[in-house]
Amino acid sequence: MKFTGKTLWITGASSGIGRAVAIELSLKKCHLILSARQKEALEEVAAICTNNGSTASVMPFDLGHTDSITKAVNEVLEIEKTIDGLYHFGGISQRSYANDTPINVDRKIFDTNFFGTVELTKKVLPNLIANRGGQIGVTSSIVGKFGFPYRSSYAATKHALHGFFESLRAENASNNIKVSMIIPGRIKTNISMNALDKDGNARNKMDEGQDKGLSVEKTARIIVKKLEKEKKEILVGGNELMMVHIRRFFPRLYYYLSTKVQPL
Ligand SMILES: NC(=O)c1ccc[n+]([C@@H]2O[C@H](COP(=O)([O-])OP(=O)(O)OC[C@H]3O[C@@H](n4cnc5c(N)ncnc54)[C@H](OP(=O)(O)O)[C@@H]3O)[C@@H](O)[C@H]2O)c1
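Residues numbered from 1 in each chain as written. Predicted model: local features only at pLDDT ≥ 70, side-chain atom pairs only at ≥ 80, totals over all residues. Heavy atoms only, no water.

Mind showing me how you'd approach the sheet that holds strand S2 (residues 31-35) here?
Where strands meet in a sheet, backbone hydrogen bonds hold them as pairs that are either parallel or antiparallel. Pairing within the open sheet is parallel, and its seven strands lie in the order S3-S2-S1-S4-S5-S6-S7. Looking at which strands have only one partner, the edges of the open sheet turn out to be strand S3 (55-58) and strand S7 (233-236). Sheet twist, expressed as the average angle between the axes of neighbouring strands with direction ignored, equals 15 degrees. Strand direction decides the pairing type here: S2 and S3, joined by four bridges, are parallel. Paired with Leu 32 across the strands is Ala 56, a residue of S3. (Pairing = 2+ DSSP bridges. Helix = DSSP H or I, 4+ residues; strand = E, 2+ residues; numbered from the N terminus. Axes fitted to C-alpha atoms, helices over the stretch in contact; angles between N-to-C directions.)

This is the structure we're talking about:
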C-alpha cells in the first residue's frame, strides 16, 4: 500500500495511537478523514496534518450509535468519490472485574469496540470493492490474543474483532481487500484514564504499566511502516508482547501467570 495521494479514513484520530498514526500518515502527502467524538481535538490534528503537506477533513461521530455512524458514512461518501484505506483506532477499555460489572457496561464496550467498528466497515466496504480494493486496519490488543484480569469484556471485544476480520479477509481476497490486525501491547496513551469502571464511568487514573508504555510516536512509525508492507498482524509494544508467545507455545505457564499478574 502506497499512501501518497490516497484517501484514508481514520477513527480514534482525536487522541493517542490514532492521532499519532494520522500525523505519521500525513507526512506521506495523502488525504485524511479524521473521526472520533471530540470535534475540536480532531480539528487540531487536522491542522497538524495540513502543515505536514496533506489535506484533512474532520467527521465527528459516535461509534456506539448506529444513527451517528450512518450519518457520518453518508456525509463522507457524498464528498469523497473513493476511500482507499479505513483504519480503526477508536475504542474504549475497561478496568473492572467481571463479577462486579453489570451487563449494560459490557454491552457499551461491545457497542463501541466491536459493533461500531464492524458497522462502519460494512458501510464503507462496498466503496473499497468498487474502487478495486483497499486496506482495512483494525486495532485489537495483546488481550485480543489472551484473557487478562480486569478487562474481561474489553478482551472479548478484541478477540471478536480477530474472528470477524479474519473471516472478512478470507471472504474478500478476490476483491483485493487487505486486512491488517494491529496488536498493541502497552502504549503510553490515556486509554486507562478513559477506561470504564464497573459503573460505566471513565476511570480517570493512569495505570502504572501504561505510563511506562511505548511512546505513541514510535508506535505510529512502526504501524505505518507495517501497514505499508500490508502485514496481516502488526505487533507493537515492549517486553509485554512476550505474553502472546507464552500463551501460544507455553499455555500452562500463561494459565499460571494470568492468575498472578498485576492488572494495572
Ligand atoms: N494504549 C494501549 O496500551 C493500547 C493497547 C492495546 C490496544 N489499544 C487500542 O488502541 C486503540 C486506541 O487507543 P489509545 O490507546 O490511543 O487510547 P485513547 O487515547 O483513549 O484513544 C481512544 C480513541 O477512541 C475514540 N473513541 C472512544 N470512544 C469512542 C466512541 N464512542 N465513538 C468514537 N470514537 C471513540 C476517542 O476519541 P473521542 O473521545 O474523541 O471519541 C479516541 O480518539 C483502541 O482501540 C485501544 O483499544 C491501546
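That covers the picture; the talk isn't over yet.
Mind showing me how you'd approach the nonpolar core here?
In a soluble, globular protein the nonpolar side chains are often hidden away together inside. In this structure, Leu 25 and Ile 223 are the most contacted members of the largest nonpolar core, which totals 31 residues. Going through the elements one at a time, strand S1 (7-11), helix H1 (16-26), S2, helix H2 (39-51), helix H8 (216-228) and S7 are the ones with two or more residues in this core. It is H1 that contributes the most residues to this core, six residues altogether. Setting aside residues up to four positions removed in sequence, Leu 25 forms contacts with Phe 3, Leu 8, Ile 10, Cys 30, Leu 32, Ser 54 and Val 224. Counting residues in each nonpolar core, the second largest holds 25 residues, with Met 59, Leu 86, Leu 168 and Ile 177 among its members. (Core = buried A, V, L, I, M, F, W, Y, C linked by side-chain atoms within 4.5 Å. Buried < 20%, exposed > 50% of the residue type's maximum accessible area, 1.4 Å probe, protein only. Contact = heavy atoms within 4.5 Å.)

I tried to follow the packing of aromatic side chains on my own but got confused; where do I start?
For any pair of aromatic rings, the description rests on two quantities: the centre-to-centre distance and the angle between the ring planes. Using the criterion set out here, one finds 10 aromatic pairs in the structure. With a centroid separation of 6.4 Å and an interplanar angle of 75 degrees, the aromatic rings of Phe 3 and Tyr 87 are classed as edge-to-face. In this pair, Phe 3 sits in the segment before S1 while Tyr 87 sits in strand S4 (residues 85-88), placing the two residues 84 residues apart along the sequence. For the pair shown, Phe 3 and Tyr 87 are each scored as buried. Members of the aromatic cluster, joined through ring pairs, are Phe 110, Phe 114, Phe 115, Phe 164 and Phe 165. (Phe/Tyr/Trp six-rings, centres within 6.5 Å; stacked < 30°, edge-to-face > 60°.)

Explain H8 to me, please; I cannot follow it from the model alone.
Within an α-helix, residues lying three or four positions from one another point in the same direction, as the helix has 3.6 residues per turn. Under the 1.5 Å per step criterion, the end-to-end length of H8 is 18 Å for 13 residues, consistent within 8% with the ideal 18 Å. Every buried residue belonging to H8 is among Val 216, Thr 219, Ala 220, Ile 223, Val 224 and Leu 227, and all of these are buried. Down the axis of H8, the buried set is contained in an arc of 125 degrees. They therefore lie on one face. Just past H8, the residue Glu 230 takes up positive phi, approximately 55 degrees. (Expected span 1.5 Å × (residues − 1). Arc of directions from axis to C-beta.)

Would you explain the pattern of salt bridges in this entry?
Enumeration over the complete set of coordinates arrives at 11 salt bridges. The closest approach of N and O atoms between Glu 43 and Lys 39, which form a salt bridge, is 3.5 Å. Of the two residues, Glu 43 and Lys 39 are both situated in helix H2; the distance of four residues between them amounts to about one turn of the helix. On the accessibility criterion, Glu 43 (38% relative accessible area) is partly exposed. According to the relative accessible area criterion, Lys 39 is partly exposed, its value standing at 46%. Close ionic contact of Glu 75 with Lys 71 constitutes a salt bridge, the shortest N to O distance being 3.2 Å. Of this pair, Glu 75 and Lys 71 are both found in helix H3 (residues 66-79), four residues apart, which corresponds to roughly one turn of the helix. Relative accessible area serves as the criterion here: at 54%, Lys 71 is assigned to the exposed category. Several salt bridges converge on common partners, so that one network encompasses Arg 95, Arg 151, Arg 203 and Asp 207. (Salt bridge = Lys/Arg side-chain N within 4 Å of Asp/Glu carboxyl O.)

Please clarify how the site of the ligand should be interpreted in this entry.
Residues in contact with the ligand amount to 31 residues; listed here are only the nearest, Ser 15, Arg 37, Tyr 154, Thr 189 and Gln 210. Measuring from an oxygen atom of the ligand, one finds a backbone N or O atom of Gly 185 at 3.2 Å. Taken by itself the ligand offers 870 Å² of open surface, and the protein chains cover 95% of this. Going through the elements one at a time, H1, helix H5 (152-171) and helix H6 (191-194) are the ones with two or more residues in the shell around the ligand. Of the residues that constitute the shell around the ligand, the class distribution is 10 nonpolar, 17 polar and four charged. (Near = heavy atom within 4 Å. Polar contact = N/O pair within 3.5 Å; in protein donor to acceptor, adjacent residues only side chain to side chain. Areas by Shrake-Rupley, 256 points an atom, 1.4 Å probe, with all protein chains shown as cover. Nonpolar A, V, L, I, M, F, W, Y, C, P; charged D, E, K, R; others polar.)

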